[in-house]
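# Working through the structure, step by step
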There are 2 protein chains.
Amino acid sequence: MRVVRRSDELRLLLEERRRKGLTVGLVPTMGALHAGHLSLVRRARHLSDVVVVSVFVNPKQFGEGEDFEHYPRDSEGDLELLRGERTDIAFLPSVENMYPPGATVEVTAGPIGDVYEGADRPGHFNGVCTVVAKLFNIVEPDLAVFGQKDAQQAAVMKRLVKDLDFAIDLVVAPIVRESDGLALSSRNVYLTAEQRNQALALSRSLELGRDAYTQSGDCQLTEKTMLQYLQDAEGVDVSYAGVVDPDSFDAPQPSGRILLIVAGRVGKTRLIDNLVVEAADGGGG
Amino acid sequence: MRVVRRSDELRLLLEERRRKGLTVGLVPTMGALHAGHLSLVRRARHLSDVVVVSVFVNPKQFGEGEDFEHYPRDSEGDLELLRGERTDIAFLPSVENMYPPGATVEVTAGPIGDVYEGADRPGHFNGVCTVVAKLFNIVEPDLAVFGQKDAQQAAVMKRLVKDLDFAIDLVVAPIVRESDGLALSSRNVYLTAEQRNQALALSRSLELGRDAYTQSGDCQLTEKTMLQYLQDAEGVDVSYAGVVDPDSFDAPQPSGRILLIVAGRVGKTRLIDNLVVEAADGGGG
């Protein structure tokens, strides 16, 4: 595995490989890798000749008062895990290399970036769009893999690719969960044993929401069920519980899949989770 | 010359050529081509194996009350001129092909897009950035040629390439002028004979500005000289006269090249012009 810290060096390496006709898969991450990330790397490994994993804690997607400074970082551990997955290139740029002074141009997510996560974290998805557009242009991958864990991010990434005409296949890989249902997240390391237990309320609320929707086909009732459960759960400060169209994050279509989304704080740690549910027979009410 | 109207068809054509190792040059235009545009095409012809000229009147870069509906359009004339310059591919997409419904992601110019032209035309440079980012991703050119006539656009394009890491060489070609100094512009066709004569005030104000700067090295005096001349000129409703750093469009650097910029309305027609001046010995005062 090559460890590369400068974008110009990465370009040269990839040019060589592309000239040989090899396909390139990109997995953008913020490091603090866990089994969820590794499932994305395996997916890229399966689908492309050359696997590039970027590890970059992107300051632009953190708001004021968020945990940029304290976001978990473990380069050595990350590299060890990436070697284990036969990653070809680990790209660990510095903030200075990614954002030289004087930059003004950015990519904005638009309305899909203003709701739910975007409402709680203003500017977050603009930061994600900008850094991913940069990574796309540096790596020029044939495909890129994102996780369904960040469902709204995945939806925004689909729009990014489509709206700016990137010639990149976007692959969204399913959530990896602990055996008790907790979705894997880099931020789980913040949790005490007690908080970890309290955090299970998120995935449980989604299961209750799925049952409510399957039985009733009623989105409002589904939302209310999830919200009620989270509000009653000990140790959870709920941010939102919603039922949305998985692509637009608008109100769900009358028929078709729906997405259940929840977010909340456990202690100081903000956690999110989601669940795709196939359309109930009665429509999306 | 191939005339292509769909981005997917263009991608296929270019893939073939790229596989043969041919380099691609892109000249983005809004059509109504004149000798200024053709100088850009010749530049691309000289520097690349395959020349793609896009002709697309981009609705996103026109504001409310601007001349999108009435912007001069002449596809047949444009194609004839492009054939004369040995253009390989003319790309004439429809608005529907470039902007399918549902799009939300855009590219924003930032502060450099808020001054001068951007102040007079809010959102203009975001529209330019968005359409050019799309064209870059569809064509994936090795180089792109823009005209110095739209000096602020050229500066914004340099930022676009740099800030989003496009692997594209940006070439800026000089202004083409009539023998009496009038800068070529698609909008010149709007002018009556009398207005065309009045429009000469723009290029003349720039010459006076250059002389003032060369003699004094004083930016404020230079600005005042240009503004005074334009305000006194018959038939010109002046928008601005400025002295700026050619890259940032901020205040000029103490030493180094400066850019003189002017804009104004002659009748209903908004015209712009500019002139690069090397640093006076006395610095940029």
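Residues numbered from 1 in each chain as written. Chains lettered and ligands numbered in written order. Predicted model: local features only at pLDDT ≥ 70, side-chain atom pairs only at ≥ 80, totals over all residues.

## Focus on the interface of chain A and chain B
- Listed by partner, the interface residues are 24 residues for chain A and 24 residues for chain B.
- Looking at the side of chain A that touches chain B, the element that brings in the most residues is helix α6 (residues 124-139) of chain A, giving five residues.
- Looking at the side of chain A that touches chain B residue by residue, the classes come out as 13 nonpolar, five polar and six charged.
- Of the pairings in the sheet, the one linking strand β5 (residues 106-108) of chain A to strand β5 (residues 106-108) of chain B comprises three bridges and is antiparallel in character. Each bridged residue has a counterpart across the sheet, and for Glu 106 of chain A the counterpart in β5 of chain B is Thr 108 of chain B. (Contact = placed C-beta atoms within 7 Å. Helix = DSSP H or I, 4+ residues; strand = E, 2+ residues; numbered from the N terminus. Nonpolar A, V, L, I, M, F, W, Y, C, P; charged D, E, K, R; others polar. Pairing = 2+ DSSP bridges.)

## Description of unusual backbone geometry
Residues and elements named next belong to chain A.
- The backbone phi angle of Arg 86 is positive, close to 55°, even though this residue is not glycine.
- For Arg 86, the location among the structural elements is in the loop between α3 (75-84) and β4 (89-91).
- Judged by C-beta crowding, with 11 C-beta atoms within 10 Å, Arg 86 ranks as exposed.
- Positioned with a positive phi, Asp 165 is a non-glycine residue whose angle comes to about 60°.
- Looking at the element boundaries, Asp 165 is found in the loop between α7 (151-163) and β7 (169-173). (Buried ≥ 20, exposed ≤ 12 C-beta atoms within 10 Å, placed from the backbone.)

## Regarding the relation of the copies chain A and chain B
- For these two chains of identical sequence, chain A goes onto chain B by a turn of 180° and a shift of 0.0 Å along the axis, with RMSD 0.0 Å. Look at the turn and shift together and you get a two-fold axis relating the two. In terms of C-alpha distance to the rotation axis, chain A has Val 107 of chain A as its closest residue, with the C-alpha 2.2 Å off the axis.
- The share of interface residues of chain A whose copies in chain B are also at the interface is 100%, consistent with both copies meeting through the same surface. (Least-squares fit on C-alpha atoms with pLDDT ≥ 70 in both.)

## A few points about helix α2 (residues 35-47) of chain A
- The end-to-end C-alpha separation of α2 of chain A is 18 Å, in line with the 18 Å expected for 13 residues at 1.5 Å each.
- Buried residues belonging to α2 of chain A abut β2 (24-29), β3 (50-55), α3, β6 (143-147) and β7 of chain A. (Expected span 1.5 Å × (residues − 1).)

## Some remarks on the domain arrangement of chain A
Residue and element names in this part refer to chain A.
- Partitioning chain A into structural domains gives domain 1 (2-173) and domain 2 (186-275).
- Relative placement of domain 1 and domain 2: their C-alpha centres are 26 Å apart.
- At the junction of the two partners, domain 1 supplies 13 residues and domain 2 supplies 14 residues.
- Of all the secondary structure elements, the ones that give two or more residues to the side of domain 1 that touches domain 2 are α5 (117-120) and α7.
- For the side of domain 1 that touches domain 2, the element with the most residues is α7, which contributes four residues.
- The class makeup of the residues in the side of domain 1 that touches domain 2 is eight nonpolar, two polar and three charged. (Domains from an automatic or database assignment.)

## Details of helix α6 (residues 124-139) of chain B
Residues and elements named next belong to chain B.
- For α6, spanning 16 residues, the distance from its first C-alpha to its last is 22 Å, which sits close to the expected 22 Å at 1.5 Å a residue.
- Taking burial as the measure, the 16 residues of α6 include 16 buried ones, the bulk of the element.
- In the stretch just after α6, Glu 140 is the one whose phi turns positive, near 45°.

## So, the sheet that holds strand β10 (residues 269-277) of chain A
All names here are of chain A.
- Strand order across the open sheet formed by three strands is β8-β9-β10, with antiparallel pairing between neighbours. Looking at the sheet topology across the chains shown, the edges are occupied by β8 (236-244) and β10. Strand-to-strand twist across the sheet, computed as the mean angle between neighbouring axes with direction ignored, equals 15°.
- Of the strand pairs in this sheet, β8 and strand β9 (residues 258-266) are connected by eight bridges, and their pairing is antiparallel. In the strand pairing of β9, Val 244 is matched with Leu 259.
- Contacting β8, β9 and β10, helix α9 (residues 200-216) runs over the sheet at an angle of about 25° to β10.
- The sheet strands contacting helix α10 (residues 219-232) are β8 and β9, and the helix crosses β8 at an angle near 170°. (Axes fitted to C-alpha atoms, helices over the stretch in contact; angles between N-to-C directions.)

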